[in-house]
Amino acid sequence: MLSNKTIVLGITGSIAAYKAAEIASQLTQAGANVNVIMTKEAIQFISPITLRAITGRPLVTEMFDLASEFSIEHVSLAEAADIVVIAPATANIIAKLAAGIADDMLCCTVLATKAPVAIAPAMETNMYNNPITQDNLSKLKARNFVIIGPATGWLASGKEGLGRLADIDDIIGNIRKVLGRGGDLAGKHIVVTAGGTQEPIDPVRYISNRSSGKMGYALAEAARDRGAKVTLVTAPISLPEPVGVDVIKVGTAQEMRQAVVKVTSQADALIMAAAVADYRPIKAAKDKIKKREAGLTLELECPPDILGSVKGNFIKVGFAAESSNLVKNAKQKLQQKGLDFIVANDITASDSGFGVDTNKVTIIDQEGKIDSLPLLAKREVAERVLDRVVELLPKPKSR
Ligand code: C5P
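All values reported here derive from a predicted model rather than from experimental measurement.

Reading guide: rules and limits
- Residues numbered from 1 in each chain as written.
- Predicted model: local features only at pLDDT ≥ 70, side-chain atom pairs only at ≥ 80, totals over all residues.
- Heavy atoms only, no water.
- Buried < 20%, exposed > 50% of the residue type's maximum accessible area, 1.4 Å probe, protein only.
- Helix = DSSP H or I, 4+ residues; strand = E, 2+ residues; numbered from the N terminus.
- Pairing = 2+ DSSP bridges.
- Right-handed = clockwise from strand over helix to strand, strands pointing away.
- Phe/Tyr/Trp six-rings, centres within 6.5 Å; stacked < 30°, edge-to-face > 60°.
- Lys NZ or Arg CZ within 6 Å of the ring centre and 35° of its normal.
- Contact = heavy atoms within 4.5 Å.
- Axes fitted to C-alpha atoms, helices over the stretch in contact; angles between N-to-C directions.
- Near = heavy atom within 4 Å.
- Polar contact = N/O pair within 3.5 Å; in protein donor to acceptor, adjacent residues only side chain to side chain.
- Nonpolar A, V, L, I, M, F, W, Y, C, P; charged D, E, K, R; others polar.
- Domains from an automatic or database assignment.
- Buried area = accessible area lost by both parts, 1.4 Å probe.
- Salt bridge = Lys/Arg side-chain N within 4 Å of Asp/Glu carboxyl O.
- Core = buried A, V, L, I, M, F, W, Y, C linked by side-chain atoms within 4.5 Å.
- Parallel < 35°, antiparallel > 145°, perpendicular 65-115°, else oblique.
- Left-handed = near helix turned anticlockwise from the far one by under 90°.
- Expected span 1.5 Å × (residues − 1).

Here the focus is the pairing of strand β2 (residues 33–38). Buried residues dominate β2, accounting for five of its six residues. Pairing between strand β1 (residues 6–11) and β2: six bridges, direction parallel. Along β2, the bridge assignment pairs Gly10 with Ile37. Following the chain from β1 across helix α1 (residues 19–29) to the adjacent parallel β2, one finds a crossover that is right-handed. Taken together, the two bridges between β2 and strand β3 (residues 59–60) define a ladder with parallel strand orientation. Bridge assignment links Val36 to a residue of β3, and that residue is Leu59.

Below you can see the structure in the form of structure tokens.
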């Protein structure tokens, strides 16, 4: 979705300016046209040659730089932009933007653009906390600027504190979210579940499964990038939280059920990519169970089926991880759980299903249509699943 988007990346005079090179690189690799504007202070921290080489595009450093193809008409960058991002943004640029000052190319571009503007502040804690900076940020927020971060951590002064440039994943995630605003899921609320639930045996041990959560996280990110409001209900897994998504962390199937029931009250679709435990100990021991030579027998029960029991007027999508009779078993689950469609995957293949980045799935719907997709990246599978969700969503009434 970043492919062929035109992004103006403004860089200002902060120690964190070197991180702008990584931002420019990731955006360029994702297919965006990145037009960099550097303030004269930024040039003290990072060379324009670096940014020019990374983006492969002309770059603007001075308002009246006649060698630049953008300088003749200083609004041309503003007009071409799908988004303007300033990272890092100093207290100085924030103050200038809040006051409407137009004394360099970056300020002029922000004033002239109709595109959304996102800024990632980076400065010393006291400068950031200063009520003047806070007032300026509030003004920009009120004018629909997207403020990313700052984060807390090591600062150039050697101290720890608030004011560090937000993580690059956070910045890129926010750019994706803003660019997705006009997508085909704009205004829709999509609930996604992910990961394998953990059912306690005692305070130390639990029963779980090998779900990595990658499919669910890919779905959440893809839905965000298509403009949806996304709630991700996730069992414990080791992936970083997706940016721009409401994350609810749960442990057990019971907790997942409670969260799903709560958040689907206003949802347009529920996509259950989670590997919910099929069995749980009837009762978890209060104390750690001692090791016994004679072994241990656990009595298990099935937790309630979330998909099959959650009620509401939303699209229901299930996943079926199967090791045999893929279509037959998936069709049965589709009917039993009353789903709009089910995404079945054969977990016996080493490049599909649990843990890996790819998946080979078959989508089966209520009309009996069976769509066997080739081996795809999980993100690509997510897009195909969401295409089907979009098809099922009520169409806006034409006047
Ligand atoms: O475990 P099973 O193969 O039945 O899972 C199929 C689908 O049902 C999955 O989408 C899973 O998330 C969902 N499920 C559920 N509640 C359970 C078990 C599974 O919603 N207790």
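Our next topic: the packing of aromatic side chains. Inspection of every chain in the model, using the stated rule, returns zero aromatic pairs. Over the aromatic face of Phe341 sits the side chain of Arg388, whose NZ or CZ is 5.8 Å from the ring centroid.

Position of Thr133 relative to the elements: it lies in helix α8 (residues 131–142). The contacts of Thr133, once residues within four sequence positions are left out, are Ala91, Met123, Met127 and Tyr128.

Attention shifts here to the sheet that holds β3. Here we have six strands laid out as an open sheet, ordered β3-β2-β1-β4-β5-β6, and parallel in their pairing. With one partner strand each, in any of the chains shown, β3 and β6 (146–147) form the two edges of the open sheet. In the sheet, strand β4 (residues 83–89) pairs with strand β5 (residues 117–121) via four bridges, with the strands oriented parallel. Across the sheet, the residue bridging to Val85 is Ala118, located in β5. Sheet contacts for helix α3 (residues 48–55): β1, β2 and β3; angle to β2, the most-contacted strand, approximately 170 degrees.

This part takes up the site of the ligand. Close to the ligand lie Met272, Ala274, Val276, Asp278, Pro304, Asp305, Ile306, Leu307, Gly318, Phe319, Lys333 and Lys337. Between the ligand and Met272, the relevant distance is 2.7 Å, taken from an oxygen atom to a main-chain nitrogen or oxygen of the residue. Going through the elements one at a time, α12 (306–309) and β17 (315–322) are the ones with two or more residues in the shell around the ligand. Of the residues that constitute the shell around the ligand, the class distribution is seven nonpolar, one polar and four charged.

Once that is clear, we can look at the domain arrangement of the protein chain. Along its sequence, the protein chain is organised into domain 1 (6–180) and domain 2 (184–392). Counting residues at the interface gives seven residues for domain 1, matched by six residues for domain 2. Here domain 1 and domain 2 share an interface that buries about 550 Å² over both sides, 56% of which is from carbon and sulfur atoms. The largest share of the area that domain 1 buries against domain 2 comes from Arg176, Lys177 and Gly180, three residues that together contribute 71% of it. Counting across the interface, domain 1 meets domain 2 through one salt bridge. Measuring nitrogen to oxygen at the nearest pair gives 3.6 Å for the salt bridge that ties Asp225 to Arg176. At the junction of domain 1 with domain 2, the criterion picks out two residue pairs in polar contact (both at pLDDT 80 or more).

Turning our eyes to something else, we now look at the pairing of β4. Most of β4 is tucked away: seven of the seven residues are buried. Residues Ile83, Val85, Ala87 and Ala89 point to one face of β4 and Val84, Ile86 and Pro88 to the other, with burial holding for every one of them. Pairing of β1 with β4 involves four bridges; the strand directions are parallel. Bridge pairing links Leu9 to Val85 in β4.

Residues Ile7, Leu9, Ile11, Leu27, Ile171 and Ile175 are the most contacted members of the largest nonpolar core, which totals 35 residues. With six residues, the single largest contributor to this core is helix α9 (residues 168–179). Those residues in contact with Ile7, other than ones at most four positions away along the chain, are Leu2, Leu27, Ala32, Asn33, Val34, Asn35, Ile83, Val85, Ile175 and Leu179. Membership of the second largest hydrophobic core comes to 33 residues, among which are Ile190, Ala194, Ala220 and Leu376.

Here we take up the packing of α1 against α3. Two numbers describe how α1 lies on α3: the axes approach to 9 Å, and their chain directions differ by 15 degrees. In this view, α1 runs roughly parallel relative to α3, as classed from their interaxial angle. Remark: the crossing between α1 and α3 carries right-handed chirality. Across the interface between the two elements, Ala20, Ala21, Ala24, Ser25 and Thr28 of α1 pack against Thr50, Leu51, Ile54 and Thr55 of α3. The residue makeup of the contact of α1 with α3, split by class, is five nonpolar, four polar and no charged.

What follows concerns α9. Because the α-helix completes a turn every 3.6 residues, residues three or four places apart line up on one side. Over its 12 residues, α9 extends 16 Å from the first C-alpha to the last, a length consistent with the 16 Å expected when each residue adds 1.5 Å. Listed as buried for α9 are Ile168, Ile171, Ile172, Gly173, Asn174, Ile175, Val178 and Leu179. Buried residues along α9 sit in contact with β1, α1, β4, β5, β6 and α10 (214–225).

As for its position among the elements, Lys311 is in the loop between α12 and β17. What makes Lys311 exposed here is its relative accessible area of 71%. Sequence separation between Lys311 and Ser265 is 46 residues, and the spatial gap between their C-alpha atoms is 8.7 Å. Within the structure, Lys311 has its side chain in polar contact with the backbone oxygen of Ser309 (distance 3.3 Å).

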